[in-house]
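Structural characterization, general
Take a look at the letters that make up each chain.
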Number of protein chains: 6
Amino acid sequence: MTIKLPDLISKAEVLVEALPYIRAFAGKIFVIKYGGHAMVSDELKESVMTDLVLLKYIGAHPVLVHGGGKEVNGVMEKLGKEPVFINGLRVTDEETMEIVEMVLVGKVNRQIVSLINQKGGQGVGLSGKDANLLQARRKGPQPPADDPSGEKVDLGRVGEITAVNPESLQILMEHGYIPVIAPIGADTTGESLNINADHVAGELAVALKAEKYILLTDVEGIYRRENSQEPVFLSSLRESEARDMIRKGEINGGMIPKVESCLQVIEHGISKAHIIDGRIPHSLLLEVFTDRGIGTMVVR
Amino acid sequence: MTIKLPDLISKAEVLVEALPYIRAFAGKIFVIKYGGHAMVSDELKESVMTDLVLLKYIGAHPVLVHGGGKEVNGVMEKLGKEPVFINGLRVTDEETMEIVEMVLVGKVNRQIVSLINQKGGQGVGLSGKDANLLQARRKGPQPPADDPSGEKVDLGRVGEITAVNPESLQILMEHGYIPVIAPIGADTTGESLNINADHVAGELAVALKAEKYILLTDVEGIYRRENSQEPVFLSSLRESEARDMIRKGEINGGMIPKVESCLQVIEHGISKAHIIDGRIPHSLLLEVFTDRGIGTMVVR
Amino acid sequence: MTIKLPDLISKAEVLVEALPYIRAFAGKIFVIKYGGHAMVSDELKESVMTDLVLLKYIGAHPVLVHGGGKEVNGVMEKLGKEPVFINGLRVTDEETMEIVEMVLVGKVNRQIVSLINQKGGQGVGLSGKDANLLQARRKGPQPPADDPSGEKVDLGRVGEITAVNPESLQILMEHGYIPVIAPIGADTTGESLNINADHVAGELAVALKAEKYILLTDVEGIYRRENSQEPVFLSSLRESEARDMIRKGEINGGMIPKVESCLQVIEHGISKAHIIDGRIPHSLLLEVFTDRGIGTMVVR
Amino acid sequence: MTIKLPDLISKAEVLVEALPYIRAFAGKIFVIKYGGHAMVSDELKESVMTDLVLLKYIGAHPVLVHGGGKEVNGVMEKLGKEPVFINGLRVTDEETMEIVEMVLVGKVNRQIVSLINQKGGQGVGLSGKDANLLQARRKGPQPPADDPSGEKVDLGRVGEITAVNPESLQILMEHGYIPVIAPIGADTTGESLNINADHVAGELAVALKAEKYILLTDVEGIYRRENSQEPVFLSSLRESEARDMIRKGEINGGMIPKVESCLQVIEHGISKAHIIDGRIPHSLLLEVFTDRGIGTMVVR
Amino acid sequence: MTIKLPDLISKAEVLVEALPYIRAFAGKIFVIKYGGHAMVSDELKESVMTDLVLLKYIGAHPVLVHGGGKEVNGVMEKLGKEPVFINGLRVTDEETMEIVEMVLVGKVNRQIVSLINQKGGQGVGLSGKDANLLQARRKGPQPPADDPSGEKVDLGRVGEITAVNPESLQILMEHGYIPVIAPIGADTTGESLNINADHVAGELAVALKAEKYILLTDVEGIYRRENSQEPVFLSSLRESEARDMIRKGEINGGMIPKVESCLQVIEHGISKAHIIDGRIPHSLLLEVFTDRGIGTMVVR
Amino acid sequence: MTIKLPDLISKAEVLVEALPYIRAFAGKIFVIKYGGHAMVSDELKESVMTDLVLLKYIGAHPVLVHGGGKEVNGVMEKLGKEPVFINGLRVTDEETMEIVEMVLVGKVNRQIVSLINQKGGQGVGLSGKDANLLQARRKGPQPPADDPSGEKVDLGRVGEITAVNPESLQILMEHGYIPVIAPIGADTTGESLNINADHVAGELAVALKAEKYILLTDVEGIYRRENSQEPVFLSSLRESEARDMIRKGEINGGMIPKVESCLQVIEHGISKAHIIDGRIPHSLLLEVFTDRGIGTMVVR
């Protein structure tokens, strides 16, 4: 006989560990910001979409918000138009906005929906215009990020969210669909606006009263480095500690906006925000269905 | 006193005429193929979207299917790629397909949704990939339209519909949204396919058991020209007559595919198909809520 | 071709004007006091019943309250009994009450229900006894209307409403029926009482939380006549102005009780009360489905 | 202590006997033809209405159909019009019809509804016009009852039922009301017709799929008198026996139409028809809630 | 004819008396403590179970709580184990507890369920462990009942109720079942505890918001004996009077805990508690469906 | 950092394997025959009850049927009564039946329910009498199992199932409870009957249209031993093969009734019957949530 008892026991342990979470998360909403390496590697793309479909299988409701800056740059170049960034924000004139919308909605979003369908799920792509999902307004001129008193620059059609109408997402989720959101909004005149995908994900998590807000990143999570000792991995981080670490510079660079996005959703009543390593296959499942989770969880 | 009795009586007559239709059409589905001049003139665009929103107001369920060939050509030209047509069908290589999808889904569809929202409705844009709405396969090489025995040409990623999953449309309609459909499908491997918008509209009308199938065109309707006499406008046309007129050449040119699309939905159980003049403001309302209707109705 | 574009545009305008009202009034209740010329002319009778049926068609809920004094007088005379009025109120002895009830419930109400059925609706006639709709008590001796300190007269079985049980009306309305109410109530011993039809309509409007209270009268509405100038028609009148005009005598005679009935329902939370000209065919439709309405609207 | 055990046991026995019927009849419909002495005696009137209200209390659905010939005659006489009968059927000219409708709907029906309300129930009076309950047509000229080949007489506005729309009764019953039906119908032009109350009750029993059809009469039930022996009371009678007894003349006179009405409902699928003695107080309760019942039951 | 009118009238009176109660008690819950002679006599057992089934027939929801001390003693004796009581409470060691549970759940409860089924009902037996119905804890050492300051005795596995989860009873009742409860609870470790059946019945009455709490006893009810006069039977007793009579010794012996159990449920919002004579056949029906009831009712 | 990637990948694989089953089994019923070593070892008892509770967590509906022969023998011996078996069947006289019922319902069933509650579930114990779950009749005299033509022996109160009323189980399952069934039935007179637990489980599986029928045994499953070679473990076995192996003696001894029980449920439309090794901890979970399952599956 070929079944090995230790393997069975090990399998049984994973199941005993996972099943209570499965029950706990039935009907719960998970808003996932999708980006980084997990959006580039074909293997990781498939692993993320498989995880979404499995989450849906067991009765949870995943919602995916995607970016797509690289794809936008690619099409802009083909059209002979050079991307311009100020302080990391894309300067978005009329023509650029048209390209951004075409690429995010008509290309990147399409590929994700198609892959979800291939994995046995039913994706439905939406942008902020559909069902008036995201109402927005122009951000207006902004000072340089590193010099708040510096000269302000008008980024054009870059928007910030003024209202969220999440009913359409709820209806789609309840009927078995996985919403895939492109971060484009519209102002009251119907004009398209380019919105930061982290912000969109955070606002949707709050509007949908999500169980969890999960950021798929290219780092393991957050480390504490005190006194030049061996850095210590933090599986959980309180709001106050996070603010402290930002102030002390222990959290820095590209990690700051990720952590701030987590802090924002927590302040609005979402109990858990996770920064996880999108480079690990099935990182979503591991985060959701194991006792330790992976990555760093920011909590109140 | 300034109220004029004749005006009141005239208003009352329009209402007495319209109200029974309003009752009859509550909860009924209207699939509308949107194209031609009504998609170009800003005034007509607004008039069509107003009509859709009013139809929704009174409890009917409009579904819009749009084309967008001119917009595709425009972007292709900007990208330095020349549109190629054989027998009126766009030759669609991989790169063209990507552009078609970006433009129809990411631009044309976006503008329509945005305008519906501006008029007080709630549009939701979908392509055939969303919720697996349209499953399709490549059409394969086709002979020239005017020479069925001529050499066949492979049009590339041009598709024909193999299955329709209309549940997502029904859910969206029941919850108050107006679905706006871009005519893109996917095959079993998830590959995008370019599909004729008339076909998409016809197949959706059948799958949704639509009350009416309405083609917005640039003609008044169908005329009969017998013995070089004054042409007679036909407000209604039986299936057999239509086939007869095609055979005799009384219906010809660009009108043939329109009429054939009507004949196809009628054969599949839809009781009424209308070819109407999209150049008249509020042509949809006039078709639906008046005794005579406008344009030509094809019936069994 | 025989369709004239200006006619179409004019029709479209009426529809574009009416459709938002149709949506707004779905499921809303309209209590209509039916009387005057509209209850005498065969053409107007048919026009009123057609309007009720059309209102029902589009999902609104009309409720009709009728009078019938002339018919009562007719039967009384046949029975050799002379009608007696004091201050415009019918002196109602036992025998008169029996005749009033027979005529209003067994004749006038029957004719209205029958005509509604003929027009394609489903009328259900009720008096205040059915389902305990109207509980009432004797008004007791009343002073002359024009001399509050004059000698009081006992009018016999003339009642005033003490309680309304509108559940039966709601049930009938929800199931597609048009309730037609004869203004007869019963006291706690089951004794029949003759009640003023305007009061019945007003109390029902309040109990049903009606959207509109509409009085079909034999005048165009209310005019303001200042300084012997050309009288100005008032399409809308505020509560305070109305009271002012009554005090100043600008509203007088038979118009006073009509306006007071409007003021009463407005005080109890009904937002709009309308005095309209029942002599115009389809006056109900015109009031409900046009921007200007007809007649005079009394508002808070 | 004052409670006597034998009395308690006797009470308990009645309850043990009645309770299974109470369960069995929950939600069941009883159509009762009300007439004879029970409609004259004040004590019996109150007893019948109490029984209806108690039946409603325990979840059964009584429907009452009443006649009222004596009351009609009374009013006709006051109006100086002589009632004319041919073969026991009232000759009903236009004027008579108007009086019949006024009296049955506006007087008799009103008194019954009022008495039901007094007993704690909620009566709703209806005639065949309400909610199109009874569609009818003129019977046309009839031969004398005792001479089928004799000269036919036109009875005027005497009708026979062509269709029953019982939905309104079902809705009213389900919402706790007791329908009280006056036997007046309308033809397709809306003209009133005078219909035999037994026929109305029988047709309603069939249309409502009543559990029981009960005729309140002025006899104990049916007796068999064979060979001039002591007559034997029949508590139950098969369809074939009943026909036999009519043929042999053992059932005769005014009893024939009663029995024929029972036979008619039985042929249309109603399992039990009862001829009971309306002169016994609470005869309805005793029929429904005791093992033996009272009166004669006609069965298939 | 063999039907006697006086008998009919007498039957009718019982029905007229009972029917309003039948309506009033539809859907209401009756918690019945079953014990004494009614649990010994075969005839009374059948009468009680018949009453439960009839109550269920008419839409009421009876719940039975039983004891069974004699049966427990019988099995203990067979197992060579002597029952020990201190102050009337069974000393319950581990082994005794096992026997108590086996006998109450596996024997007494089974016989009741079986008899309910035989009478046409559907019994479902439960103990406090099923669906966590009764959570309990050990009572701990108790002083003698007649000497509160005497030496405390540990009664072992005798429990008192800490929480009631009545959902399972509600579900079973709503689906037509009659719950039959054995008075065994479990503590937080799952250990079985022996609980007084009167307490269980009282706690369930409170948790279920019962309409009535009925104690089947071996006495007629409560008498007042003042001044050595003829004792007066009390059909109703106020809370304050009851406490007074206990204080004065007018209520004494085995009657004290019965009355106290009634007082307890009344304090927790149950409006009526009844001590009735279980020796009268159909005592439950007579209590519930007659104006006077039987036995003594304790009220607020 | 302490998280090891290979462990994560291994965990992820178990989850990816299990999740589709979790979805597939939501709302599905599993009937489990509980017996053998898993009913003796404290560790295995806890593991089985944990598995039941986890199955319930994820939306499946487990139903447990238990035996308990050893416990019955234990109590019989204490009562000085010797168990008698003929052909492996317990001879069940009146007294033995009473003991069997007391022990299975009042002891074994109680312990299982209590342990389910301890593990976080909500057990509800039932025997065949509750809600008339199992109707049965005496089996009557049986020949020896190994000699069908031998002298028949009357086993007394040993029953076979004549009807199953599974509604109560469905109601309990739907409301979150885990039914635990003792294999006792009742005949039409209410007399208790001792029924084989495998038969009870099989009949319930069929009546409940269970997804799976699982026998917890003390063997790994079924082996094929051909030509004295190494025995081959069979993870799946077709009906025809199973019958073949029984005929050839490859399946023998105590395995025959287990396999026959599986064949019986398969014949009645249950698609899968499993003989699994109850000695492996969490054997239920491993059977249900892994691709290979454990033990031998008998299929059509």
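As a reminder, the structure under discussion sits directly above these lines.
**A closer look at the overall build of chain A**
- Each helix and strand in chain A was counted, giving nine helices and 16 strands.
- For chain A, whose C-alpha radius of gyration is 20 Å, the value lies close to the compact-globule estimate of 19 Å for 300 residues.
- For chain A, the spread of C-alpha atoms along the principal axes amounts to about 70 × 50 × 35 Å.
- Here chain A holds 300 residues, and 57% of them are scored as buried.
- When the accessible surface of chain A is totalled, it reaches about 12,200 Å², and 48% of it is carbon and sulfur.
- In chain A, 33 side chains carry a positive charge and 41 a negative one; their mean positions are 3 Å apart.

**Digging into the arrangement of the chains**
- Kept free of each other, chain B and chain F leave a smallest C-alpha distance of 19 Å between them.
- Contact between chain C and chain F is absent, and the least distance between their C-alpha atoms amounts to 33 Å.

**Quick look at the relation of the copies chain D and chain E**
- Least-squares fitting of chain D to chain E yields an RMSD of 0.0 Å, with the superposition described by an axial translation of 0.0 Å and a rotation of 180°. Such a combination of turn and shift is consistent with a two-fold rotation axis.

**Quick word on the relation of the copies chain B and chain A**
- The two copies are related by a screw operation: chain B maps onto chain A through 180° of rotation and 0.0 Å of translation along the axis, at an RMSD of 0.1 Å.
- Mapped onto chain A, 100% of the interface residues of chain B again fall at the interface, so both copies present the same surface.

**Structural notes on the sheet that holds strand β14 (residues 236-238) of chain D**
Residue and element names in this part refer to chain D.
- If you trace the eight strands from one edge of the open sheet to the other, you get β5-β8-β2-β1-β11-β15-β16-β14, paired in mixed fashion. Of all the strands in the sheet, the pair left with one neighbour each is β5 (123-127) and β14. Averaged over all neighbouring strand pairs, the angle between strand axes comes to 20°, with direction disregarded.
- Sheet topology note: the strand β2 (residues 61-66)/strand β8 (residues 178-182) ladder contains two bridges and is parallel. Note on β8: the bridge partner recorded for L64 is V180.
- Lying over the sheet, helix α2 (residues 42-57) contacts β1 (29-34), β2, β8 and β11 (212-217), oriented at roughly 150° with respect to β2.

**Some points on the interface of chain D and chain E**
- Contacts between the two partners involve 31 residues from chain D and, on the opposite side, 31 residues from chain E.
- Note on chain D versus chain E: buried area summed over both sides is about 3,200 Å², and carbon and sulfur give 83% of it.
- At the junction of chain D with chain E, the criterion picks out two salt bridges.
- As a salt-bridge pair, E17 of chain E and K11 of chain D come within 3.0 Å of each other at their nearest N and O atoms.
- Among the elements of the structure, α1 (5-24), α2 and α9 (283-289) of chain D are those that each provide at least two residues to the side of chain D that touches chain E.
- At 13 residues, α1 of chain D tops the list of elements feeding residues into the side of chain D that touches chain E.
- Within the side of chain D that touches chain E, the residues separate by chemical class into 22 nonpolar, four polar and five charged.

**Overview of the packing of helix α4 (residues 94-118) of chain E against helix α4 (residues 94-118) of chain F**
- Running from N to C, α4 of chain E and α4 of chain F point in directions that differ by 115°, and their axes come no closer than 8 Å. Relative to α4 of chain F, the crossing made by α4 of chain E is right-handed. Contact residues: α4 of chain E offers E98, E101, M102, V103, V105, G106, K107 and R110 of chain E, while α4 of chain F offers E98, E101, M102, V103, V105, G106, K107 and R110 of chain F.
- Its residues assigned to classes, the contact of α4 of chain E with α4 of chain F comprises six nonpolar, two polar and eight charged.

**Concerning the environment of V219 of chain F**
Residue and element names in this part refer to chain F.
- Note on placement: V219 falls in the loop between β11 (212-217) and β12 (222-224).
- A relative accessible area of 30% means that V219 is categorised as partly exposed.
- What V219 contacts, discounting residues up to four positions off in sequence, is M255, I275, I276, D277 and R279.

**As for the interface of chain B and chain A**
- Facing 36 residues of chain B, the contacting portion of chain A comprises 36 residues.
- In this assembly, chain B packs against chain A so that about 2,900 Å² is buried in total across both faces, 55% of it on carbon and sulfur atoms.
- Looking at the side of chain B facing chain A, the largest losses of area belong to M102, R110 and I171 of chain B, adding up to 20% of the total buried there.
- Across the chain B-chain A interface, the total number found is four salt bridges.
- For D130 of chain A, the salt bridge is made with R110 of chain B, and the minimal N-O distance between the two is 2.9 Å.
- Remark: the boundary between chain B and chain A carries 22 residue pairs in polar contact (both at pLDDT 80 or more).
- Looking at the side of chain B that touches chain A, the elements with two or more residues in it are α3 (69-78), α4 (94-118), β5 (123-127) and α5 (167-174) of chain B.
- It is α4 of chain B that contributes the most residues to the side of chain B that touches chain A, twelve residues altogether.
- For the side of chain B that touches chain A, a count of residues per class yields twelve nonpolar, 15 polar and nine charged.

**Comments concerning the nonpolar core**
- Residues F289 of chain A, F289 of chain B, F289 of chain C, F289 of chain D, F289 of chain E together with F289 of chain F are the most contacted members of the largest nonpolar core, which totals 311 residues.
- Look past the residues within four positions of F289 of chain B in its chain and what remains in contact with it is E17, A18, Y21, I22, F25, L55 and I58 of chain B together with L15 and L19 of chain C.

**Notes on the side chain of H61 of chain D**
All names here are of chain D.
- Position of H61 relative to the elements: it lies in strand β2.
- Within the structure, H61 has its side chain in polar contact with the side chain of K56 (distance 3.1 Å).
- Contact partners of H61, with chain neighbours within four places excluded, come to G27, K28, I29, F30, K56 and M173.

Each value, and the rule that gives it
Numbers given for residues are sequential positions, taken from 1 along each chain in its written order. Starting at A for chains and at 1 for ligands, labels are handed out in the order in which the entities are written. Note on the predicted model: pLDDT of at least 70 is required for a residue's local features to be given, and 80 or more for side-chain atom pairs to be given and counted; whole-chain, interface and lining totals, by contrast, use all residues. The side-chain figures draw on all heavy atoms in the structure; neither hydrogens nor water molecules are used. Helix numbering and strand numbering both begin at the N terminus, where a helix is a DSSP run of H or I of at least 4 residues and a strand a DSSP run of E of at least 2. The globule rule is 2.2 Å times the number of residues to the power 0.38, and the radius of gyration it is compared with is taken over C-alpha atoms. Classification of residues uses two cut-offs on accessible area relative to the type maximum, computed with a 1.4 Å probe and protein chains only: under 20% is buried, over 50% is exposed, and between them is partly exposed. All accessible-area figures derive from a Shrake-Rupley calculation using a 1.4 Å probe, and residue coverage is judged against the displayed protein chains alone. Positive residues here are Lys and Arg, negative ones are Asp and Glu, while His and the chain termini are left out of the count. For the purpose of locating charges, the reference atoms are NZ of Lys, CZ of Arg, CG of Asp and CD of Glu. Any two residues whose heavy atoms approach within 4.5 Å are treated as being in contact. What sets the superposition is a least-squares fit of C-alpha atoms, and only residues with pLDDT of at least 70 in both copies go into it. At least two bridges found by DSSP between two strands is the condition for calling them paired. Only the stretch in contact is used when fitting a helix axis, every axis being a line fitted to C-alpha atoms; angles between N-to-C directions are given from 0 to 180 degrees. Joining two parts hides part of their accessible area as seen by a 1.4 Å probe, and the buried area is that hidden amount summed over both. Any Lys or Arg side-chain nitrogen located within 4 Å of an Asp or Glu carboxyl oxygen qualifies as a salt bridge. In the scheme used here, Gly and all other residues not listed as nonpolar or charged are polar, with Ala, Val, Leu, Ile, Met, Phe, Trp, Tyr, Cys and Pro taken as nonpolar and Asp, Glu, Lys and Arg as charged. Note on convention: the crossing is left-handed when the near helix lies turned anticlockwise from the far helix by less than a right angle, right-handed when the turn is clockwise. Any pair of nitrogen or oxygen atoms within 3.5 Å is treated as a polar contact; in protein, a donor-acceptor pairing is required on top of that, and neighbouring residues in sequence qualify only through side-chain atoms on both sides. Side-chain atoms within 4.5 Å link the members of a nonpolar core, which is a set of buried Ala, Val, Leu, Ile, Met, Phe, Trp, Tyr and Cys residues.

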